[in-house]
Amino acid sequence: MSRILNHRMRMSLKKTPSIVDQRAVAFTIWTGRSVLFNRPVPNHIPRRQYGMLIARAVRGVLKIRYLVLGGAVGGGMTLNKKYSEWKDGLPDMGWLNDMLPDNDQWDRFTTTLITAKDRIGDQLQIGVPLTLSVSDPRLREAGRARAAELRDWLSQRYEDAVAAAAVNNTSIEPAPKIVNNLQSKPAPQTASARTAAEEAAAYEKRVHVLQEEVLALQARYQRELQRLEQENRELRQQNMLLRQGRQPTTKKMKRSLIDMYSSVLDELAGWESGEAGRLPRVVVVGDQSAGKTSVLEMIAQARIFPRGAGEMCTRAPVKVTLSEGPYHVAQFRDSSREFDLNKESDLADLRKEVELRMRNSVRGGRTVSSDVIAMSVRGPGLPRMVLVDLPGVISTQTVDMAADTREAIKQMTKQYMDNPNAIILCIQDGSVDAERSNVTDLVASCDPQGKRTIFVLTKVDLAEENLANPNRIRRILEGKLFPMKALGYYAVVTGRSRKDDSIQSIREYEERFFRSSKLFKEGLVAAGQVTTRNLSLGVADCFWRMVRDTVEQQADAFKAMRFNLETEWKNTFPRQRELDRDELFERARAELLDQSAELSAVPPPAWEQRLTAELWTSTHEKVFGGIYLPAAALAHDDVGRPKATQLKYKQTGSDRNPAIWIDPYDFDYNKFNTSVDIKLREWAESELAKQSIQAGRDALREEFIELLARSQDTDPIYEPVKRAAVEEALNRHQWEERAQDVLRVLQLNALQDRCVRSRGEWDAAVALMETALKEKRDEVQRELRDMTGPGFRERWLRWTSTTEEQHRRAEVRTELERLGSCRPSLAYDEVVAVRDNLRRRGVEVDNEYIRETWKPVYLNNFLSRAQSRANDCKKSFYLYSQQNGAEKECCEVVMFWRVQAALRTTANALRQQISNREAARLDRDLREVLDEMAADPELKKKLLSGRRVELAEELKRVRQVQEKLEEFIEALNKEK
């Protein structure tokens, strides 16, 4: 390469030396070698190399300059953009300008204060009293005293300021911008006691304090303003929600510990899952009239239960949740009303409500019920626990009780006591003999060790009066008389058998009794075993001790149950959501309402086609049997014609072959048209409108059912809900009353028109007539076949045979067809002639048998001739139009056209009624049905069933119980 370049350089020396020099220098600088002598560049070249290196360095620096400059410009633009975004994101604080005073307002304010100070000082100095617009003389005297103090203070301030100015040789300012707070009286000081420097420092300090107070006041005002604005926004939001018909969300209030525990027990009501759900509660059991309800009322400190004069009061379990609260109130679990237990009227209403709920729970001939009546009682000083009052155990049932009353009470009591964590509060009447007790043996069988039983002896005052041996009461309270064990024994007095006694009076009577009783005064029983107050404390302590010991185990049991149910769901229904019965119903409701809305989107041609088909289905029997056939029979009636002419035969062979029909007289078209006009009008005025409404209802039903069937993305599990709701809504749906009158007018006008306007309408009428005749004739032929049996070909091909009755009918039919009569009813001589001919063949029948066979035979032959006439009228429209509708041979086609026009007009009117009103009315009925079904749990349980629904229900319930238990345990641990 270097040789080629040297050669080119030598050749170029002969041309232009300047160019050669330039190229040689460039080559030498680029390669570092000499072109002319093919040797390294001499030593004087390095200065150029250094220059080129410097040039390259300068060029690199210049590039860095551009990079730095470009980066600075881009960074500045990015920073400006970020600043703009940050500035736009800041809240608008412009409203502060409207709230805070500007500089001019501050200047006017300070000027006003200075002017007011000067005026007040001048008035005080000249002795002019301040005028107070106060009518009270005491306030006026206080104002004068305050003015005197203010005058002394201003004078002192003025003297101090003069002294300070004299010492510092400075001029006194006219007035400070912020004056001192006049509501605090300054301590009286003299000028000799303070120096001018101290005065100035104190003055500056006061000004600084006042400024801080102003700033603090502004900050507090700002916070208050923000709070009010927040409340205003919340109120506007709630107002908007209320206008939209939605309930605003309320803040979750903190519940007490016992309320949380009671809600867990409510979730477990009726739980049947073995060991799970056995949470502690206090079960109050005892014989009837032993004082269970009275003990419960003494613990609740209110007369909340009804009283019965010698009859059963407690007919269902009553769960009472006691908790502390500022007010003494009671409330049912499923009600929002609070009964004030300090008002006698509310107490009476509460007792009536309890009695009403008990009576409603024992309907159907029962005496007791297992339905729990749940209520809560809150009040100051009430113990926190949950008690369940059960019906009293009876030994004999009366005639007005159900046959299973005694056993039902026993089983219910045993079911509650079998809970290993239940505290049994056994109530025993102390005024009766211990041998008459029924409940003690039952308690001993459920808790033989007495680890969770508390024995309560009631009516001790009556027992002390009636018992001859006081040691018997002592033995009862020591647990040595009854064959049962207990944690503790208590003796209480719950009243003096008077309904009007208040709880306070009963408690005072109880305390007086135990203070004055000889039995308890002698120390036979400990003081902690008497009075309902001690009983309440002991039961509450035992209750909470049991709760703390067992609630963790119950939570673990529910956790294990939840894990098992979730595992079963994942294995059985892996790709489906866990929808419980209520959620499935809501989904079915939403889909059903969406499909109901699709009724309005059905195209009008589809509606009219369906409605026309339904109208013809509901009216074709009337058109044939009530109009067409009677009019045709009247037109064919030849009564009064000579008898000889009525029996014309055209013999074609043997007796087996019937004769060919010969119509002796023409069809009387005038009679036919007159009869059709009369019958069509009567039909339109009486039945047609009602039949049309029914056809519209049927079409609406079929369209709705097809909409349900066409839906693809539906879950089959709630199809029974949709079907039941649609069926009930369609049964309830009533067509608008005035629709019949509108349809009747339209139908009368349509039936009065006899002029067929176009060939298409004529062909449609002929097609309708042919279709109707063919359907009717097929029906008649099936009837004849059933009557006379299979024919010759069918007997040989299908190996069938006729019965004796069918053979007789066939002979009668053959003879009637040979007769050739055209009338719908046979004359007497015709019947006699047929009977005689049959007798000659060995067939014995009566006249009524012949007439019964003649009806389908005549109808079959008449329909055959009518089909022929319809076929002949297909090409008669031109003749009909040339005669302006006077052509009578195709009057049957005109009749069918009139019926078809009336049905077409009716279908159009019904379609408009459905689109405008009836679809919306059906949707409203459907919504009402769904609302009623949503409020009926038993119906939802019946319609939504299966393992999938049951498993989802169990999962939901277990999760709710577990969550509430965990919430309760957390609160319980915090209380510890």
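Remember, predicted model here, so these are calculated numbers, not experimental data.

What counts, and where the lines are drawn
- Each chain carries its own residue numbering, running from 1 in the direction its sequence is written.
- Local features in a predicted model are, by the rule used here, given only for residues with pLDDT of at least 70; side-chain atom pairs are given and counted only at 80 or more, and totals for whole chains, interfaces and linings are based on all residues.
- With hydrogens and water stripped out, all remaining heavy atoms of the structure feed into the side-chain values.
- For every residue, the accessible area obtained with a 1.4 Å probe (protein chains only) is divided by the maximum for its type, and the residue is called buried under 20%, exposed over 50%, and partly exposed between those limits.
- Comment: elements are numbered from the N terminus, with helices defined as DSSP H or I runs of at least four residues and strands as E runs of at least two.
- Think of it this way: DSSP has to see at least two bridges between two strands before they count as a pair.
- Any two of the Phe, Tyr and Trp rings considered here, Trp counted by its six-membered ring, make a pair once their centres fall within 6.5 Å; the pair's planes then place it as stacked at under 30 degrees, edge-to-face at over 60, or tilted in between.
- Residues form patches when they are more than 30% accessible in relative terms and have no salt bridge. Like charges link within 9 Å. Nonpolar side chains (Val, Leu, Ile, Met, Phe, Trp, Tyr) link within 5 Å.
- Throughout, the Shrake-Rupley method with a 1.4 Å probe supplies accessible areas, and for residues the shown protein chains are the sole cover considered.
- Any carboxyl oxygen of Asp or Glu that lies within 4 Å of a side-chain nitrogen of Lys or Arg is treated as forming a salt bridge with it.
- His is not counted, nor are the chain ends, whereas Lys and Arg count as positive and Asp and Glu as negative.
- Each charge is placed at NZ for Lys, CZ for Arg, CG for Asp and CD for Glu.
- For every element, the axis is a line fit to its C-alpha atoms; helices are fit only across the contacting stretch, and the angle between N-to-C directions ranges from 0 to 180 degrees.
- Convention used here: angles under 35 degrees read as roughly parallel, angles over 145 as roughly antiparallel, angles from 65 to 115 as roughly perpendicular, and any remaining angle as oblique.
- Contacts between residues were defined by any pair of non-hydrogen atoms, one from each residue, lying within 4.5 Å.
- The classification used treats Ala, Val, Leu, Ile, Met, Phe, Trp, Tyr, Cys and Pro as nonpolar, Asp, Glu, Lys and Arg as charged, and all other residues, Gly among them, as polar.
- In this scheme, a crossing is called left-handed if the near helix is turned counterclockwise away from the far one by less than a right angle; it is called right-handed if the turn is clockwise.
- In what follows, a disulfide is any cysteine sulfur pair within 2.5 Å.
- The nonpolar core is taken to be a set of buried Ala, Val, Leu, Ile, Met, Phe, Trp, Tyr and Cys residues, with the residues joined through side-chain atoms within 4.5 Å.
- Expected helix span is given by 1.5 Å per residue-to-residue step, counting one fewer step than there are residues.
- Per-residue confidence from the predictor is given as pLDDT, running between 0 and 100.

K.L.:
Residues and numbers for the pairing of strand 1 (residues 282-286), please.
P.N.:
Strand 1 sits mainly inside the fold: 5 of its 5 residues count as buried. Burial of strand 1 is two-sided: the residues V282, V284 and G286 facing one way and the residues V283 and V285 facing the other way are all buried. Pairing between strand 1 and strand 6 (residues 385-389): 3 bridges, direction parallel. Paired with V282 across the two strands is L387, which belongs to strand 6.

K.L.:
Quick one: what's the story with the packing of aromatic side chains, residue by residue and with numbers?
P.N.:
In total, this model carries 18 aromatic pairs according to the counting rule given. Judged by centre distance (4.9 Å) and plane angle (50°), the ring pair of W569 and F573 falls under tilted. On the numbers, 5.9 Å between centres and 35° between planes, the contact of W854 with Y858 is tilted. One end of the pair, W854, and the other, Y858, are both in helix 28 (residues 847-872), 4 residues apart, so they sit about a helical turn from each other. Residue class for Y858 comes out buried when judged on its relative accessible area of 10%.

K.L.:
Run through the environment of A765, naming residues and quoting values.
P.N.:
Note that A765 resides in helix 24 (residues 759-788). As a C-alpha pair, A765 and Q900 span 135 residues in sequence and 7.0 Å in three-dimensional space.

K.L.:
Tell me about a negative patch on the surface, residues and numbers included.
P.N.:
A cluster of acidic residues, E621, E779, E783 and D786, forms a negative patch on the protein surface. Sorting elements by how many residues they give to the negative patch places helix 24 first, with 3 residues. Mapped onto the elements of the fold, D786 is located in helix 24.

K.L.:
Can you break down the packing of helix 24 against helix 26 (residues 804-819) residue by residue, with the values?
P.N.:
Any two packed helices are characterised by how steeply their axes cross, that is the angle between the axes, and by the distance between the axes. Where helix 24 contacts helix 26, the axes come no closer than 7 Å and their chain directions differ by 120°. In terms of axis orientation, helix 24 runs oblique to helix 26. Facing helix 24, whose interface residues are L784, D786, M787 and T788, helix 26 presents E805, Q806, R809, A810 and R813. The residue makeup of the contact of helix 24 with helix 26, split by class, is 3 nonpolar, 2 polar and 4 charged.

K.L.:
Provide a residue-level description of the pairing of strand 2 (residues 318-324), including the pertinent values.
P.N.:
Along strand 2, 6 of the 7 residues are buried, which leaves the element largely enclosed by surrounding structure. Sheet analysis places strand 2 next to strand 5 (residues 373-379), joined by 7 bridges and oriented parallel. Along strand 5, the bridge assignment pairs T321 with S376. In terms of strand pairing, strand 2 meets strand 6 through 5 bridges, oriented antiparallel. Bridge pairing links V320 to L387 in strand 6.

K.L.:
Describe the pattern of salt bridges, naming the residues involved and giving the relevant values.
P.N.:
Scanning all chains against the criterion turns up 56 salt bridges. For D418, the salt bridge is made with K414, and the minimal N-O distance between the two is 3.4 Å. Judged by relative accessible area, which is 31%, K414 ranks as partly exposed. Each of E804, E805, R808, R809 and E852 takes part in salt bridges that share partners, so that together they form one network.

K.L.:
A description of the packing of helix 11 (residues 405-417) against helix 12 (residues 439-446) should follow, citing residues and the corresponding values.
P.N.:
Two elements in contact, helix 11 and helix 12, have axes whose closest approach is 10 Å; the angle formed by their N-to-C orientations is 35°. Along this stretch, helix 11 crosses helix 12, giving a crossing that reads as right-handed. Along its contact with helix 11, which presents K410, T413, K414 and M417, the element helix 12 presents L442, V443 and C446. Across the contact of helix 11 with helix 12, the residue classes tally to 4 nonpolar, 1 polar and 2 charged.

K.L.:
Before we move on, could you go through the sheet that holds strand 2 and cite the residues and values that matter?
P.N.:
To summarise the sheet geometry, strands pair through backbone hydrogen bonds and adopt either a parallel or an antiparallel arrangement. Ordered by their spatial adjacency, 9 strands build an open sheet running 4-3-5-2-6-1-7-8-9, and the pairing between neighbours is mixed. Looking along the sheet, the strands with just one partner apiece sit at the ends: strand 4 (339-340) and strand 9 (488-491). Across 4 bridges, the pairing between strand 3 (residues 329-332) and strand 5 is antiparallel. When the sheet's bridge partners are listed, V329 is paired in strand 5 with R378. Relative to strand 6, helix 9 (residues 292-300) is tilted by about 160°, and along the sheet it contacts strand 1, strand 2, strand 5, strand 6, strand 7 (423-429) and strand 8 (453-458).

K.L.:
Break down unusual backbone geometry for me, citing the residues and quoting the values.
P.N.:
Phi angles above zero are rare outside glycine, and S289 is one such case at about 65°. With respect to the helices and strands, the residue S289 is situated in the loop between strand 1 and helix 9. With a phi close to 60°, Q301 is a non-glycine residue in the positive phi region. Structurally, Q301 can be placed in the loop between helix 9 and strand 2.

K.L.:
Explain the state of the cysteines to me, and be specific about the residues and the numbers.
P.N.:
In total, this model carries 1 disulfide according to the counting rule given. Two residues share a disulfide in this structure: C873 and C890, whose sulfurs sit 2.2 Å from each other. Residues C873 and C890 are joined by a disulfide whose S-S torsion is about -100°; by sign, that bridge is left-handed. With C873 in the loop between helix 28 and helix 29 (877-882) and C890 in the loop between helix 29 and helix 30 (891-934), this pair connects stretches of sequence that are 17 residues apart. By the burial criterion, C873 is buried, and C890 matches it.

K.L.:
Please give an account of the side chain of R281 that cites residues and values.
P.N.:
For R281, the location among the structural elements is in the loop between helix 8 (257-267) and strand 1. Residues contacting R281, with those up to four places away along its chain left out, are Y261, L265, V386, V388, N419, N421, A422, I423 and F543.

K.L.:
Quick rundown of the nonpolar core? Include the residues and the values.
P.N.:
Ranked by size, the top nonpolar core spans 103 residues in total, and within it Y628, F672, W762 and F896 carry the most contacts. A total of 19 residues in this core trace back to one element, the largest contributor, which is helix 30. Membership of the second largest hydrophobic core comes to 68 residues, among which are L350, I373, V456 and L972.

K.L.:
How would you explain helix 18 (residues 581-597) if you had to name every residue and give the values?
P.N.:
The terminal C-alpha atoms of helix 18, which comprises 17 residues, lie 24 Å apart, in line with the 24 Å expected from a rise of 1.5 Å per residue. Residues of helix 18 that are buried in the fold lie against helix 21 (669-710), helix 22 (719-732), helix 30, helix 31 (937-943) and helix 32 (947-975).

K.L.:
Could you give me a rundown of the confidence of the model for the chain, with the residues and numbers involved?
P.N.:
Across the chain, the average pLDDT comes to 76, with 72% of residues at or above 70. The model gives residues 34-45 a pLDDT under 50, and that stretch makes 20 contacts with residues more than four places away or in other chains. Counting interchain partners and residues more than four positions distant, the pLDDT-below-50 stretch residues 638-665 has 46 contacts.

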